[in-house]
Amino acid sequence: MKILILGNSSIFRRKIYYSLKSTNNLTIEIASKSKRNTISSIKYYNSYEVALRNTDAKIVYISLINSDHLKWGLKALNYNKHVIIDKPFTTNLNDTKIILNLANKKKLFISEAIVFHKQSRFINLLNKINYKKKIIINTYFHIPKFEKNNFRNYRRYGGGGFQDMSPYAAYLIYLFFNKKKYRLDIRNKKSSKFKEFSFIAKNNRICLNCSFKFNSEYKNIIIIHNNSKQFHMDFAFSPPTDKANYLNIFDENKKKEYKLKFKKQNIFNNYFSEVFKLIKKNKYNFYYNEIKRNAEIRQKIS
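Residues numbered from 1 in each chain as written. Predicted model: local features only at pLDDT ≥ 70, side-chain atom pairs only at ≥ 80, totals over all residues. Heavy atoms only, no water.

Draft legend 1. Representation of the side chain of asparagine 66 within the structure. Locating asparagine 66 in the fold gives a position in the loop between strand E4 (59-62) and helix H3 (69-78). For asparagine 66, a relative accessible area of 3% puts it in the buried group. Within the structure, the side chain of asparagine 66 is placed 2.7 Å from the backbone oxygen of glycine 158, a separation counted as a polar contact. In contact with asparagine 66, other than residues within four places in its own chain, are Lys87, Pro88, Thr91, Phe151, Tyr157, Gly158 and Gln163. (Helix = DSSP H or I, 4+ residues; strand = E, 2+ residues; numbered from the N terminus. Buried < 20%, exposed > 50% of the residue type's maximum accessible area, 1.4 Å probe, protein only. Polar contact = N/O pair within 3.5 Å; in protein donor to acceptor, adjacent residues only side chain to side chain. Contact = heavy atoms within 4.5 Å.)

This is the structure we're talking about:
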């Protein structure tokens, strides 16, 4: 199997490359306009179009600025490639539908690379929740100011806090409410959502309180109150790959606090393992409804 990466991005160099490198019988190629190839064992293209035209890779991973996801997602599909796109899949619901319709027409695999919920710690947390009891979820993902030339600082490149972080918010709404009805209380004006957005989603049993910010002191936490227990997870959305992670639990009835240790892992490993299995089994439309649903939720909270 061979995969072509469009864009030699930071997330590729920090996490995706090492995950793909550990995959048996997988060849990696890169196309990048702005960064020179620093990995000697990988074939390198300096043009996305040339790479798509000449590669025999069956899978393309698009890791470009957000505003380019639609253009190169469609091009890759038109070259009959299975496509994985960094989050956000696109910058709006209409563009998402355009890509999904083409993928469905061509019977090609498509996926949005949202991976935080693939970590074993998060799965363990979801399994510990008593869904018959009230659930209160508080989430905070605040990150410091980016360097000036980072594309996330510019609207024309699809940057901003909402575009970058709303895929997490949409997935949390899906995970906890699924098809259940909920009410939304949006706290920010649209004009402020470039740097931050927050909301409450709730029904009679579940209350999800989310806060996402750019240019702020770092905070990356999920705290859940449920059935006389409090669950606390640091680095919830981007767990480090070089050390163990913990789930802290406080039992309010027993007045006892304890922590569960989870070995270090690159959660992209879990994601790619699932993706490659689905492609081999020809389950090309496995993520279609998930991608569309997340885009619809993002539109609701925008």
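Draft legend 2. Spatial organisation of empty space enclosed by the protein. A complete count under the given rule lists 1 cavity of 30 Å³ or more for this structure. Taken together, Phe89, Thr90, Thr96, Glu112, Ile291, Asn294, Ala295 and Arg298 make up the lining of the largest cavity. When residues in the lining of the largest cavity are grouped by element, the largest group, 4 residues, is from helix H8 (residues 288-301). Here the lining of the largest cavity is composed, by residue class, of 3 nonpolar, 3 polar and 2 charged. (1 Å grid on protein atoms, 1.4 Å probe; cavity = no way out; pocket = protein on both sides within 12 Å on 5 of 7 lines; lining within 4 Å. Points joined across faces, edges and corners; volume = space filled by probe spheres on them. Nonpolar A, V, L, I, M, F, W, Y, C, P; charged D, E, K, R; others polar.)

Draft legend 3. Region of the structure containing the nonpolar core. In terms of nonpolar packing, the biggest core is built from 51 residues, with Leu6, Leu20 and Ile110 touching the most fellow members. Take this core: its biggest share by element is 8 residues, from helix H7 (residues 267-280). Residues within four places of leucine 6 in sequence aside, it is in contact with Ala31, Tyr48, Leu52, Val60, Tyr61, Ile62, Ser63, Leu64 and Trp72. Counting 39 residues, the second largest nonpolar core, distinct from the first, contains Phe116, Phe122, Leu125 and Ile129. (Core = buried A, V, L, I, M, F, W, Y, C linked by side-chain atoms within 4.5 Å.)

Draft legend 4. Quick peek at the pattern of salt bridges. Overall, the coordinates contain 8 salt bridges when judged by the stated rule. Glutamate 49 is the salt-bridge partner of lysine 75, the closest N and O atoms lying 3.0 Å from each other. Here the residue lysine 75 occupies a position in helix H3, and glutamate 49 occupies one in helix H2 (residues 48-54), the gap between them amounting to 26 residues. Given a relative accessible area of 27%, lysine 75 falls into the partly exposed group. Residue glutamate 49 is classed as partly exposed on the basis of its relative accessible area of 23%. Linking aspartate 164 and lysine 87 is a salt bridge whose minimum nitrogen-to-oxygen distance equals 3.5 Å. Of the two residues, aspartate 164 sits in helix H6 (residues 161-177) while lysine 87 sits in the loop between strand E5 (82-86) and helix H4 (93-106), which places them 77 residues apart along the sequence. What you see here is one network of salt bridges that share partners, running through Lys2, Glu29 and Asp56. (Salt bridge = Lys/Arg side-chain N within 4 Å of Asp/Glu carboxyl O.)

Draft legend 5. Quick look at the sheet that holds strand E8 (residues 183-186). Here we have 8 strands laid out as an open sheet, ordered E8-E9-E10-E7-E11-E12-E13-E14, and mixed in their pairing. Two strands in the sheet have a free side with no partner beyond their single neighbour: E8 and strand E14 (256-262). Adjacent strand axes in the sheet meet at a mean angle of 15°, parallel and antiparallel pairs treated alike. Where strand E9 (residues 196-202) and strand E10 (residues 206-213) come together, 7 bridges link them in antiparallel fashion. Paired with phenylalanine 197 across the strands is phenylalanine 212, a residue of E10. Across the sheet, H8 is in contact with E8 and E9; its angle to E8 comes to roughly 50°. (Pairing = 2+ DSSP bridges. Axes fitted to C-alpha atoms, helices over the stretch in contact; angles between N-to-C directions.)

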